[in-house]
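# Fold and geometry: a report
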Amino acid sequence: MPSVSMHPETGGSLQQGLHQDGRRLTPQRRRILELFESLGGGRHLSAEDVHHQLLDRELRVSLATIYRTLRLLVEMGFLQELQTSNGSQFELADAEHIRHHHLVCVRCGRTEEFESEEVLNAGLQASNKFGFDLIGSSLTVRGICPQCR
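These figures come from a predicted structure and were not determined experimentally. (Residues numbered from 1 in each chain as written. Predicted model: local features only at pLDDT ≥ 70, side-chain atom pairs only at ≥ 80, totals over all residues. Heavy atoms only, no water.)

### Concerning the pattern of salt bridges
Under the defined criterion, the tally for this structure stands at two salt bridges. Between E112 and R110 there is a salt bridge; the shortest N-O distance is 2.9 Å. (Salt bridge = Lys/Arg side-chain N within 4 Å of Asp/Glu carboxyl O.)

### Overview of the pairing of strand β3 (residues 100–105)
Working note: regular strand, side chains alternate between the two faces of the sheet. Of all six residues making up β3, five are buried, and the element is well covered by its neighbours. In this structure, β3 lies alongside strand β4 (residues 111–115), joined through five bridges in antiparallel fashion. Looking at β4, one finds that L103 is bridged to E112. As consecutive antiparallel partners, β3 and β4 are separated by five residues, and within that stretch G109 has a phi angle of approximately 85°, a positive value. (Buried < 20%, exposed > 50% of the residue type's maximum accessible area, 1.4 Å probe, protein only. Helix = DSSP H or I, 4+ residues; strand = E, 2+ residues; numbered from the N terminus. Pairing = 2+ DSSP bridges.)

### Some remarks on the sheet that holds β3
Strand pairing in a sheet is mediated by backbone hydrogen bonds. Such pairs are either parallel or antiparallel. Sheet architecture is open: three strands sit in the order β4-β3-β5, paired in mixed fashion. The open sheet has two free edges, formed respectively by β4 and β5 (140–143), since each of these has just one partner strand. Each adjacent strand pair in this sheet contributes to an overall mean axis angle of 25°, direction not counted. Inspection of the sheet shows β3 paired to β5 by four bridges, in the parallel sense. Among the inter-strand pairings, H102 is bridged to a residue of β5, identified as T140. (Axes fitted to C-alpha atoms, helices over the stretch in contact; angles between N-to-C directions.)

### Concerning helix α5 (residues 117–129)
Spanning 13 residues, α5 covers 18 Å between terminal C-alpha atoms, matching the ideal 18 Å at 1.5 Å per step. Listing the buried residues of α5 in full gives V119, L120, G123, L124 and S127. Mapping the buried residues of α5 onto a view down its axis gives an arc of 135°, with all of them on the same face. Among the exposed residues of α5, those oriented more than 90 degrees off its buried face are E118, Q125 and K129. Against β3 lie the buried residues of α5. (Expected span 1.5 Å × (residues − 1). Arc of directions from axis to C-beta. Contact = heavy atoms within 4.5 Å.)

### Some thoughts on the packing of helix α2 (residues 27–39) against helix α4 (residues 63–75)
At a closest axis distance of 10 Å, the pairing of α2 and α4 adopts a crossing angle of 65°. One finds that α2 runs roughly perpendicular with respect to α4. α4 is crossed by α2, and the crossing has right-handed handedness. From α2, Q28, R29, I32, L33 and F36 reach across to α4, where they touch T65, I66, T69, L70, L72 and L73. A class-by-class count of the residues in the contact of α2 with α4 yields seven nonpolar, three polar and one charged. (Parallel < 35°, antiparallel > 145°, perpendicular 65-115°, else oblique. Left-handed = near helix turned anticlockwise from the far one by under 90°. Nonpolar A, V, L, I, M, F, W, Y, C, P; charged D, E, K, R; others polar.)

### Re α4
In an α-helix, one turn spans 3.6 residues; hence positions three or four apart end up facing the same way. In this model α4 runs 19 Å from its N-terminal to its C-terminal C-alpha over 13 residues, within 8% of the 18 Å that 1.5 Å per residue would give. Buried residues of α4: T65, I66, T69, L70, L72 and L73, and no others. The buried residues of α4 all sit within an arc of 165° when viewed along its axis, so they share a single face. Turned more than 90 degrees away from the buried face of α4 sit R68 and E75, all of them exposed. G77, located one to two residues past α4, shows a positive phi value of around 90°.

This is the structure:
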C-alpha cells in the first residue's frame, strides 16, 4: 500500500513557502503559527480564541488579519480546519494528524479526537482508485454528547 505524503512544514519552511507564493512572512503570520506550535497538537482554537490568546501574550493582531492568516495556514498545510456547531476551529497539523479524526457535539461543540485505521485505509483506497496522492484524511462525526442529552 502506498505511503501517505504530508505537506505540513514548520519554522523556516513557512518563510520559504510564503516566498514561493510571492507572500511575505509578516510578524503577525509568524505569531499566529508560533501560538499553535507553543500549544501543541490537539488544541482546537477559533479565530476569536487565537485573538484572545495573542492579546493575553500582549501581541496585537487584528481579528481580520487572524482570519486571513488562519485560511492561509490551512491552505499551506500548517493548520487543519474543523467545522463545528460553534463555527470553525483550527489546530496544528503534523505528521500524526492524518491518523486522528473528530467526534463533535452539535449542541455544545465538545470535540473528542479518535484514531481509526479503517478511515485511513478507506482514504488510501479511494485515492488509489482515482489516481490521487493522499495528502490527508479527516473524518468528522457529529453527535450529541452525554452532557447535552
